[in-house]
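Here are the chains, one letter per residue:
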Amino acid sequence: MKQSIIVLILPLFLYHCQPARTQEEASSEEFIRNVEAREDSLEMVKALEARLKVKEAVFPNAETEPVGEGALEDAADDPAFWYNQAQPEQSVVFGTNKKGGIYAYNLTGDEKTYYQVGAINNIDTRQGVKIGSDTYDILAGSNRTDNSIILFSINGEGELKKLLKENHRLDKLEIDEVYGLCLYKDAEGEGYVIANGKNGRINMYRIAAEKDSCYLLPHRSWKLKSQPEGMVADDIYGVLYIGEEQRGIWRTDLKTEGSEVELIPSSQRENNPFITYDIEGLSIYYGENGDGFLLASIQGSFTYAIFDRQGDNAYLSSFRIDEGPEVDAVYETDGLDIFSGPIGDLYPQGLLIVQDGFNYDGQQLQSQNFKYIGLDQVLSLRQ
Ligand code: CA
Ligand code: CA
Ligand code: CA
Ligand code: CA
Ligand code: CA
């Protein structure tokens, strides 16, 4: 373990040696980005220690090509999955490069397409969403280039096509800097985009259409005290989960107008020794008969926490993602996504996709990427 800590710490150490000089040289925008990049992992050793308190582990089955911004750049952030119903093996994993766009990868991790559509932080997908008189598979993203929401349809080949004629710009007085984003499909099949800002404001919009033109209609709004990011909507139970990075996971009922947000006690560091902030990516596993779980990336310990989807969202267990025979371990995950059904023969019980903050090829640190983990591994931990 010692050696792997050194291998892991060294690039970070080198990185931390850089800022003073870099700052003086005042490539200021780049400096600010890099500080933000590693703001969640300054206490690397503590994170690795906390990680080892979690006993259960799964292993990556595959990984994507690196998000090519250099080994010390924090560029990859959040994945989203699109299931190809006609040819499941041709399903697509989308992953953000928060410096410039969205990658589309195949199920073996090869890059298919790169969409240079802005500094996209979070993305989410939904299938069979009613918009006007049509039904679409859609992908939405939070765009930090122009503080906007972007929205695409996904065609039968898994390609993105613009749905909004122009990016939906957000008022900076309301959402100061767009950050997290998720989608919600209600029981009638209508779609909603939910976006948050670093100032804690969360806005929900209904995806509406008039004639041939699609637009976002303000629907609901909430405010948290500090920075949120990861969010996920449970479409079946109509519940929105919001990760406030330094405080825990909140939930609110999307089916009841005016419902308050409430903090989930089991997701707070004060109540749960397996929570080390930040809380980052959130996703839902839809099990049979309303069963399943809420999964959270616990970035402060490089682990993943599982909560009940029902009742009080009780904490169930945690796991880590260790090095597999061909793919390196996963550290410091931001976004993650779960697909809850079989994907051909490749992933018979579904797929977990996670961002990897430190992507190694042997001893060599590469640009960040996304890892694929067969959901069967996670499900078997719970039996
Ligand atoms: Ca990161
Ligand atoms: Ca996502
Ligand atoms: Ca974050
Ligand atoms: Ca790794
Ligand atoms: Ca690797």
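Residues numbered from 1 in each chain as written. Chains lettered and ligands numbered in written order. Predicted model: local features only at pLDDT ≥ 70, side-chain atom pairs only at ≥ 80, totals over all residues. Heavy atoms only, no water.

Colleague: Can you walk me through the overall build of the protein chain in this structure?
Modeller: Of the regular secondary structure elements, the protein chain holds five helices and 28 strands. Split into buried and exposed, the 383 residues of the protein chain put 58% on the buried side. Across the protein chain, contacts joining residues at least 24 apart in sequence account for 53% of those joining residues at least 6 apart. Counting every atom, the protein chain has about 16,400 Å² of accessible surface; 47% of that belongs to carbon and sulfur. (Helix = DSSP H or I, 4+ residues; strand = E, 2+ residues; numbered from the N terminus. Buried < 20%, exposed > 50% of the residue type's maximum accessible area, 1.4 Å probe, protein only. Contact = heavy atoms within 4.5 Å. Areas by Shrake-Rupley, 256 points an atom, 1.4 Å probe, with all protein chains shown as cover.)

Colleague: What is the right way to read the sheet that holds strand β4 (residues 92-97) from this model?
Modeller: The strands that make up a sheet are held in pairs by hydrogen bonds between backbone atoms, and each pair lies either parallel or antiparallel. Strand order in the open sheet formed by four strands is β3-β4-β5-β6, with antiparallel pairing between adjacent strands. Of all strands in the sheet, those bounded by a partner on one side alone are β3 (76-82) and β6 (111-115). Across the sheet, the mean angle from the axis of one strand to that of its neighbour is 20°, orientation sign disregarded. (Pairing = 2+ DSSP bridges. Axes fitted to C-alpha atoms, helices over the stretch in contact; angles between N-to-C directions.)

Colleague: Looking at this structure, how should I read the pattern of salt bridges?
Modeller: Side chains that carry opposite charge are capable of pairing whenever their charged atoms lie near each other. Inspection of every chain in the model, using the stated rule, returns 17 salt bridges. Salt bridges linked by common partners bring E63, D328, D356 and K371 together as one network. (Salt bridge = Lys/Arg side-chain N within 4 Å of Asp/Glu carboxyl O.)

Colleague: Help me understand the nonpolar core, please; the structure alone is not making it clear to me.
Modeller: Within soluble globular proteins, side chains that are nonpolar generally end up buried alongside one another. Counting 19 residues, the largest nonpolar core has I131, I138, I149, L151, V193, I207 and L216 as its most contacted members. Those elements that place two or more of their residues in this core are β7 (120-131), β8 (134-143), β9 (148-154), β12 (178-185), β13 (191-197), β14 (201-210) and β15 (213-223). Apart from residues no more than four positions distant in its own chain, L151 is found in contact with I138, L139, A140, K161, K162, L163, L164, I207, C214 and L216. (Core = buried A, V, L, I, M, F, W, Y, C linked by side-chain atoms within 4.5 Å.)

Colleague: Any chance you could explain unusual backbone geometry here in plain terms?
Modeller: Note: most residues except glycine have negative phi, and most peptide bonds are trans. Cis geometry marks the peptide bond from Y277 to D278; its omega dihedral reads 15°. Relative to the helices and strands, D278 is located in the loop between β19 (262-263) and β20 (279-286). At N147, a residue that is not glycine, the phi angle is positive and equals roughly 50°. Note on placement: N147 falls in the loop between β8 and β9. Positive phi, normally seen in glycine, also occurs at E332, with a value near 60°.

Colleague: I keep staring at the coordination of the calcium ion (ligand 2) and nothing clicks. Help me out?
Modeller: A four-donor tetrahedral metal ideally has 109.5 degree angles, and a six-donor octahedral metal ideally has angles of 90 or 180 degrees. Bound to the calcium ion (ligand 2) on the protein side are D78 (OD), D78 (OD), P79 (O) and I123 (O), at distances that span 2.4 to 2.9 Å. One chain supplies every donor for the calcium ion (ligand 2), spaced along it as D-P-x43-I. With a gap of 45 residues between them, D78 in strand β3 and I123 in strand β7 connect regions that are remote in the sequence. Just as D78 is buried, I123 falls in that class too. (Donors = N, O, S within 2.8 Å, 3.2 Å for Na, K, Ca; no water.)

Colleague: Just checking my understanding: could you explain the layout of surface pockets for this structure?
Modeller: By rolling a water-sized probe across the atoms, one finds the places where empty space is left. There is about 660 Å³ of room inside the largest pocket. In terms of lining, the largest pocket is formed by 35 residues, of which the most central are T125, R126, Y286, D337 and I338. Every element with two or more residues in the lining of the largest pocket is listed here: β3, β7, β12, β16 (228-234), β20 and β24 (336-339). (1 Å grid on protein atoms, 1.4 Å probe; cavity = no way out; pocket = protein on both sides within 12 Å on 5 of 7 lines; lining within 4 Å. Points joined across faces, edges and corners; volume = space filled by probe spheres on them.)

Colleague: Is there a simple way to explain the sheet that holds β13 in this structure?
Modeller: Strand order in this open sheet of four strands is β12-β13-β14-β15, and the pairing throughout is antiparallel. Each end of this open sheet is capped by a strand with a single partner; those strands are β12 and β15. Ignoring which end each strand starts from, the neighbouring axes of this sheet average 25° apart. With six bridges joining them, β12 and β13 adopt antiparallel strand pairing. Following the sheet pairing, L183 is matched in β13 by V193.

Colleague: Looking at this model, I keep getting lost on the pairing of β20. Mind explaining?
Modeller: Sheet faces and side chains relate simply in a regular strand, where the side chains alternate between the two faces. Within β20, seven of the eight residues are buried, leaving the element largely enclosed by the surrounding structure. As paired elements, β20 and strand β21 (residues 292-298) share six bridges and run antiparallel to each other. What sits directly across from Y286, in β21, is G292. In this antiparallel pair of consecutive strands, β20 and β21, the connection spans five residues, and N289 shows a positive phi of 55°.

Colleague: It is not clear to me how the packing of aromatic side chains should be interpreted in this structure. Could you clarify?
Modeller: How two aromatic rings sit relative to each other is given by the distance of their centres and the angle of their planes. According to the stated counting rule, one finds eleven aromatic pairs in the structure shown. Measuring from centroid to centroid gives 5.5 Å for Y103 and Y105, while their planes differ by 15°, and the two rings are stacked. Both residues of the pair, Y103 and Y105, belong to the buried class. Ring centres of Y285 and F293 lie 5.2 Å apart, and the angle between their planes is 35°; this geometry places the pair in the tilted category. Accessibility assignment for this pair places Y285 and F293 in one class, buried. Among the aromatic residues, those joined into a ring-pair cluster are Y103, Y105, Y114 and F370. (Phe/Tyr/Trp six-rings, centres within 6.5 Å; stacked < 30°, edge-to-face > 60°.)

Colleague: Help me understand the pairing of strand β28 (residues 369-374), please; the structure alone is not making it clear to me.
Modeller: In terms of residue burial, β28 counts as a mostly covered element, since six of its six residues are buried. As judged from the two bridges shared by strand β2 (residues 62-63) and β28, these two strands associate in the antiparallel manner. Within the sheet, the bridge partner assigned to A62 lies in β28 and is Y372. Note: strand β25 (residues 351-356) against β28, six bridges, orientation antiparallel.

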